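# Chains, contacts and geometry: an overview
Now for the letters of each chain:
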Amino acid sequence: MNLPFERREGRADLPGLTRRDVLALTATGAVAAATASAPFRVLAAGPEGQLTWGIHVSLAPTWFDPAETPGIITPFMVLYALHDGMVKPMPGQPLAPSLAESFSASEDGLSYEFALRGGAKFHNGDPVTAEDVKFSFERYRGTSHDLMKNRIAEVETPDPQHIRFKLKAPWPDFLTFYATATGAGWIVPKKYVEQVGADGFKKAPIGAGPYKFVSFTPGVELVLDAFDQYWRKTPSVKRLVFKSIPEETTRLAALQRGEVDIVYSIRGELAEELQRTPGLTLKPVLSLAPFWIYFADQWDTKSPWYDERVRRAASFALDRQAMNDAITLGYSKITGSIIPYSFDFFWQPPMPTYDPAKAKELLAEAGHLDGFDGGEFYCDSSYSNVAEAVLDNLQAVGIRLKLRPLERAAFVVKGGAYVYGSYPDIDALYQQQAAELDHKKRAAILDNMQQILAERMVYAPIWQLGFINGAGPRVGESGFGLIQDFAYTGPFEDITLKAG
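An account of the accompanying structure is given in this report.

Definitions and cut-offs
- Residues numbered from 1 in each chain as written.
- Predicted model: local features only at pLDDT ≥ 70, side-chain atom pairs only at ≥ 80, totals over all residues.
- Heavy atoms only, no water.
- Helix = DSSP H or I, 4+ residues; strand = E, 2+ residues; numbered from the N terminus.
- Buried < 20%, exposed > 50% of the residue type's maximum accessible area, 1.4 Å probe, protein only.
- Contact = heavy atoms within 4.5 Å.
- Areas by Shrake-Rupley, 256 points an atom, 1.4 Å probe, with all protein chains shown as cover.
- Arc of directions from axis to C-beta.
- Pairing = 2+ DSSP bridges.
- Axes fitted to C-alpha atoms, helices over the stretch in contact; angles between N-to-C directions.

### Some details on the overall build of the chain
Each helix and strand in the chain was counted, giving 14 helices and 16 strands. Across the 500 residues in the chain, those meeting the buried criterion constitute 55%. The contacts in the chain between residues at least 6 apart in sequence include a share of 71% that link residues at least 24 apart. A total of about 20,500 Å² of accessible surface is found on the chain, and carbon and sulfur atoms cover 51% of it.

See the structure below:
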């Protein structure tokens with residue numbers, strides 16, 4: 001049994017984004033430089049000062065390379081600072097032109113074309129070119145590598161400023177996977193990577209984002225400095241320091257002492273203490289992070305979890321609201337689904353019910369009158385307190401489990417990483433919807449898939465995470481909540497220190 005956290009998987013579609021919308025977005029540019037109406041203009045002061053983050057997980061060098069981005073959100077806390085994408089979620093836009101100043105899709109859905117932004121540069125001063133874009137896509141080797149590569153027929157670069165992706169068949173999720181669910185659309189410099197190699201790149205990465213790499217001390221900190229030639233704007237803060245502080249009480253203490261300015265993931269009593277501390281501000285964000293119990297042994301006929309009644313009993317045993325109130329101060333959203341409610345094609349299942357008596361009844365029907373030993377329960381180590389609450393609930397109805405905290409994991413459809421089993425009819429429906437261009441027909445297929453998942457109790461949903469963070473007195477604009485559904489701070493070039 002596993003409890004996955006902070007998954008960042010492909011959406012069925014970006015909310016409201018159709019091929020017609022993509023064509024309309026072709027006319028959308030980025031923030032243009034303001035022209036002076038007077039003979040001279042006052043230049044803004046350059047980046048100044050430093051902000052320090054207390055990060056809730058250990059930073060990994062693999063996150064410095066977009067090519068290795070797995071299907072989770074965590075690396076994007078670094079990517080938004082160090083790198084830049086062709087298009088990406090930004091304030092007020094689910095898919096904003098970035099290194100690409102415009103993009104369009106053909107009417108038949110078989111090609112997507114991007115026009116590069118003039119003047120965009122990497123941190124070493126080299127211009128961002130179509131060859132870099134093609135190279136970045138071709139070297140992507142993350143979780144969705146096979147899924148993407150099997151659908152792309154060719155990548156053309158007719159000139160240094162234009163890139164064309166030709167698909168083997170219409171694929172309405174191309175932009176979702178290219179821009180947001182993978183690192184394939186986040187661009188690295190071809191010449192530099194070929195010069196230093198993959199390992200050398202992770203040791204000294206060069207990107208095109210608002211901040212450039214200074215140093216990395218494994219297990220300790222990552223240091224970045226402002227890139228004053230970033231196309232969108234020059235960042236306000238000169239230096240960013242990301243410190244790995246996995247222990248939650250230590251993270252809060254560092255914020256209280258002023259050793260860090262922003263912390264991720266503060267929960268329960270510690271979050272209440274943060275609220276009470278003068279000068280500190282609670283920064284909760286409803287993130288794209290559904291939590292659920294995944295019954296990894298449900299395909300094993302000899303396992304108790306093979307019986308749907310046992311899985312359903314586990315769901316009845318969960319007091320989700322009590323856990324929400326105690327751990328995330330009520331900021332998490334209980335939806336009964338593993339699909340974020342803001343996603344297009346979200347189907348609202350029946351809301352889960354807390355009924356321990358019903359849970360015991362189902363266990364008795366399944367032949368477990370006195371309960372049973374359910375094996376090991378794996379969870380993301382940074383959310384062990386959630387897992388402990390889950391195990392307490394399950395223990396109360398007779399399901400006994402051993403907690404095994406591990407590094408975070410994600411679960412995807414057949415053929416993806418971390419898959420323990422699958423249902424052929426659901427796999428077939430997934431492939432069918434992936435090629436369906438008619439919105440209503442696709443919605444019907446996806447609704448059917450979600451209904452089957454709920455009826456078979458493939459998982460026991462918990463909540464969509466209310467991710468609670470904190471900011472200290474030196475922080476002006478923290479960056480929390482600027483990008484819809486994004487758990488972390490961003491865009492980094494918009495973050496400020498308080499004046500004075």
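What follows picks up the thread again.
### Focus: unusual backbone geometry
The residue after G490, namely P491, is reached through a cis peptide bond having omega -10 degrees. One can find P491 in the segment after β16 (459–471). With phi around 75 degrees, F345 is a residue other than glycine that occupies positive phi space. As for its position among the elements, F345 is in the loop between α10 (320–327) and α11 (356–365).

### Side note on helix α7 (residues 248–256)
The complete set of buried residues in α7 reads E248, R251, L252, A253, A254 and L255. Packing partners of the buried residues in α7 comprise β2 (48–55), β12 (262–263), α8 (268–276), α12 (384–397) and β16. A positive backbone phi angle near 80 degrees is found at G258, which sits one or two residues after α7.

### Concerning helix α13 (residues 424–434)
I426, D427, L429, Y430, Q433 and A434 are the residues of α13 that are buried. Within α13, the buried residues cover an arc of 160 degrees as seen down the axis, which keeps them to one side. As for α13, its buried residues are in contact with α4 (145–149), α5 (174–181) and α14 (439–455).

### Topic: the sheet that holds strand β5 (residues 100–105)
Taken together, the four strands give an open sheet; going across it, the order is β5-β6-β8-β7, and neighbouring strands pair in antiparallel fashion. Every interior strand has two partners, whereas the edge strands, β5 and β7 (152–159), have only one. On average, adjacent strands in this sheet sit at an angle of 15 degrees to one another, irrespective of strand direction. Set on the sheet, helix α3 (residues 130–138) makes contact with β6 (111–116), β7 and β8 (162–167); between it and β7 the angle comes to about 165 degrees. Along the sheet, α5 contacts β5, β6, β7 and β8; its crossing angle with β6, the most-contacted strand, is approximately 40 degrees.

### A word on the pairing of strand β4 (residues 93–97)
Sheet analysis places strand β3 (residues 87–90) next to β4, joined by three bridges and oriented antiparallel. Residue pairing across strands places V87 opposite P97, the latter belonging to β4. Between the antiparallel neighbours β3 and β4 lie two residues, among them G92 with a positive phi of about 80 degrees.

Any functional reading would require information beyond the geometric quantities listed.
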